[in-house]
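# Descriptive structure summary
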Amino acid sequence: MQTNFTAEQLTDPHVAESEKILRKCVHCGFCTATCPTYVTLGNELDSPRGRIYLIKDMLENDRPADAEVVTHIDRCLSCLACVTTCPSGVDYMHLVDHARAHIEKTYKRPFMNRLTRGILAAVLPYPGRFRLALRLARLGRPFRSLMRAPALKPFAAMLALAPRQVPPPSIYSRPGNHPAEGERKARVAILTGCAQPVLDPGINEATIRLLTRLGVEVVAPTGEVCCGSLVHHMGREEQALASARANVDVWTREIENGALDAIIITASGCGTTIKDYGHMLRLDPAYAEKAAIVSGLAKDITEYLAPLDLPSHMPKGVTVAYHSACSMQHGQKITMAPKQLLKAAGFTVRDPAEGHLCCGSAGTYNIMQPDISAALKARKVKNIEATKADVIATGNIGCITQIASGTGIPIVHTVELIDWAYGGPVPQKLMDLHIA
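Residues numbered from 1 in each chain as written. Predicted model: local features only at pLDDT ≥ 70, side-chain atom pairs only at ≥ 80, totals over all residues. Heavy atoms only, no water.

## Here's the deal with the overall build of the protein
Our working definition: Each helix is a run of H or I in the DSSP string that is no shorter than four residues. Each strand is a run of E no shorter than two, and both are numbered from the N terminus. With the radius of gyration taken over C-alpha atoms, the globule rule is written as 2.2 Å times the number of residues to the power 0.38. The classification of residues rests on relative accessible area computed with a 1.4 Å probe and restricted to protein chains. Under 20% of the type maximum is buried, over 50% is exposed, and intermediate values are partly exposed. What makes two residues a contact is simply this: any of their non-hydrogen atoms within 4.5 Å. Note on areas: Shrake-Rupley, 1.4 Å probe, and residue coverage restricted to the protein chains presented here. By the counting rule applied here, Lys and Arg register as positive and Asp and Glu as negative, while His and the ends of each chain are not counted. In plain terms, the charge of a residue is placed at NZ if it is Lys, CZ if Arg, CG if Asp and CD if Glu.
For the protein, the count of helices and strands is 24 helices and 9 strands. The C-alpha radius of gyration of the protein comes to 21 Å, within 12% of the 22 Å expected for a compact globule of 436 residues. Expressed along its principal axes, the backbone C-alpha trace of the protein runs to roughly 60 × 50 × 40 Å. Across the 436 residues of the protein, 54% fall into the buried class. Long-range pairs, those at least 24 residues apart, make up 73% of the contacts in the protein between residues at least 6 apart in sequence. For the protein, the exposed surface amounts to about 18,500 Å²; the carbon and sulfur share of it is 56%. In the protein, the 47 positive side-chain charges and the 41 negative ones have mean positions that sit 7 Å from each other.

If you want it as structure tokens, here you go:
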């Protein structure tokens, strides 16, 4: 794609990076076939190619974002299916990140939209606040049907997604050290997370149990905060970078205190962001090198387990539909490891049709864009249920929450099934439905 940025504009490193990304786009349109919003809405401006045109025009003319640009950028899930599909290697992720930051700086959103986004940014990254909000949700749930006005739909979506019972806090969600059983073979840190330990503390519990049985010491460091992905995708760049710096400091301290073989992440959405810390902080001389080291150590739990010498198990008689989260398959390019681990652990694994398409969760997308999200969820659930599986496995808490709201098939984190296969307890969701 030909660009016409001025030499002065290109002195801004963010603009210079976006200009290089834009030049790689050859207008081929391959991305439209795998873009969930284009497939759902059929609007060229709701495809990656259409959004690229809008972003180019906005940045090249150095003008504030307008309502049209905001509408179509807001509809982007950041699922990154287009990145997987693109034959030209267009780095759409960093381009749309720049566009969102530009929107946040130059566009004044309607009051209710600002309020909703402000509440999400002030609540979701903080486990204590999030837990309180979920408990208060039961007071608002009876009024959900009255929230039909467009400006109130996000609040209705929040109430619909909120679990009726909030699990009690887990000791595994607290900072601490979990020693390896037997001879210590490795030492890792684990990202405790923000929303995940509130919604489903069993995920980190299963991870720590499994790793310590395998001879891995697991450290949950003091001072860790949200990875920053939720606010990063809202364009709140300073807030996201502050979170990144805080976590880099925490993990650097652990590296200096006793070395780390990996930083284990059990939410693939967080993993995609943490693996990008090196890029996000590349312009910060105090953090660039440390952030690159942290990004290099970050590993999804299945990515870490894949090369370990785990024994194969006899079939368990349980059929698993594996849902590959977008942040896993498109963001981190981890596609085979989770399924191979499940098969080796004795499960029968099935791939749902249209596995490349997003389930519609995408961080806060199912709250901010509930109609498109609901259409994508219905499509995803239909494909999963067609597999006739006993259970669904995935590697991202957002997907678990989204898909669970649309089907009666139990959905668990992949690591919970692997933990069960190698000596851990049966996941509670399977016990309740008597399929174990």
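## Structural notes on the sheet that holds strand β1 (residues 176–178)
The strands that make up a sheet pair up through hydrogen bonds in the backbone, lying either parallel or antiparallel. Let me state the cut-off plainly: DSSP-based pairing: two strands are paired if at least 2 bridges between them are found. Simply put, an axis is a line fit to the C-alpha atoms, just over the touching stretch for a helix, and the angle between two N-to-C directions goes from 0 to 180 degrees.
Pairing is mixed across the open sheet formed by 5 strands, whose spatial order is β1-β3-β2-β4-β5. Of all the strands in the sheet, just β1 and β5 (298–300) have a single pairing partner and so form its edges. On average, adjacent strands in this sheet sit at an angle of 30° to one another, irrespective of strand direction. Bridging between strand β2 (residues 186–190) and strand β4 (residues 262–265) involves 3 bridges; their strand directions are parallel. Following the sheet pairing, V188 is matched in β4 by A262. Sheet strands in contact with helix α16 (residues 288–297) are β4 and β5, and its direction is about 25° off that of β5.

## Here's the deal with helix α23 (residues 414–421)
Counted residue by residue, α23 has 8 buried out of 8 residues, so it is predominantly covered. Positive phi shows up at G423, right after α23, with a value of about 105°.

## Quick word on the packing of aromatic side chains
For clarity, the cut-off: Ring pairs shown here join Phe, Tyr and Trp side chains whose ring centres sit within 6.5 Å, with only the six-membered ring taken for Trp; geometry is labelled stacked below 30 degrees between planes, edge-to-face above 60, and tilted in between. Counted as over-ring charges are cases with an Arg CZ or a Lys NZ within 6 Å of the ring centre that also lie within 35 degrees of the ring normal.
Inspection of the entire model under this criterion finds 1 aromatic pair. Relative to W420, the ring of F347 has its centre 5.6 Å away and its plane inclined at 50°; by these criteria the two rings are tilted. Here F347 is found in the loop between α19 (337–344) and β7 (348–350), whereas its partner W420 is found in helix α23, with 73 residues between them in sequence. The buried category is assigned to F347, whose relative accessible area is 4%. By relative accessible area, W420 is classed as buried at 12%. Here the guanidinium or amino end of K290 rests over the ring plane of Y287, the centre of that ring lying 4.3 Å away.

## A closer look at the environment of P352
On the secondary structure map, P352 appears in the loop between β7 and α20 (365–368). A residue is classified by how much of its surface remains accessible, and P352, at 11% relative accessible area, is buried. Measuring from C-alpha to C-alpha, the distance between P352 and T84 comes to 18 Å, with 268 residues separating the pair along the chain. Discounting residues that sit within four places of it in the chain, P352 has contacts with A321, Y322, N383, I384 and T387.

## Observations concerning empty space enclosed by the protein
What counts, and what does not: Whether a set of points on the 1 Å grid over the protein atoms alone is a cavity depends on a 1.4 Å probe fitting there but being unable to get out, while an open set qualifies as a pocket with protein on both sides within 12 Å along at least five of seven lines; lining residues are those with an atom within 4 Å of a point. Grid points are joined across faces, edges and corners, and a volume is the space filled by probe spheres set on the points. All amino acids are sorted into three groups, where Ala, Val, Leu, Ile, Met, Phe, Trp, Tyr, Cys and Pro are nonpolar, Asp, Glu, Lys and Arg are charged, and the leftover types, Gly among them, are polar.
Counting across every chain of the model gives 3 cavities of 30 Å³ or more. Computed from the structure, the largest cavity encloses a volume of approximately 140 Å³. Lining of the largest cavity is provided by 17 residues; of these, C25, C31, I52, C86 and V90 occupy positions nearest its centre. Within the residue set of the lining of the largest cavity, elements represented by two or more residues are α3 (48–60) and α5 (81–85). When residues in the lining of the largest cavity are grouped by element, the largest group, 3 residues, is from α3. Of the residues in the lining of the largest cavity, the class split is 13 nonpolar, 3 polar and 1 charged. Computed from the structure, the second largest cavity encloses a volume of approximately 80 Å³. Forming the walls of the second largest cavity are 14 residues, and the residues nearest its centre are C35, P36, R51, C76 and C79. At the level of secondary structure, the elements contributing two or more residues to the lining of the second largest cavity comprise α2 (36–41), α3 and α5. Split into classes, the residues belonging to the lining of the second largest cavity amount to 10 nonpolar, 2 polar and 2 charged.

## What to know about the pairing of strand β8 (residues 391–394)
Filter applied, for reference: The crossover handedness rule: strands pointing away from the viewer, path from first strand over the helix to second strand clockwise, crossover right-handed.
Along β8, one buried face is formed by V391 and A393 and the opposite face, lined by I392 and T394, is buried too. Sheet topology note: the strand β6 (residues 319–322)/β8 ladder contains 3 bridges and is parallel. Counted as the bridge partner of V320 is V391 from β8. Note that the unit made of β8, helix α22 (residues 397–404) and strand β9 (residues 411–413) has a crossover that is right-handed.

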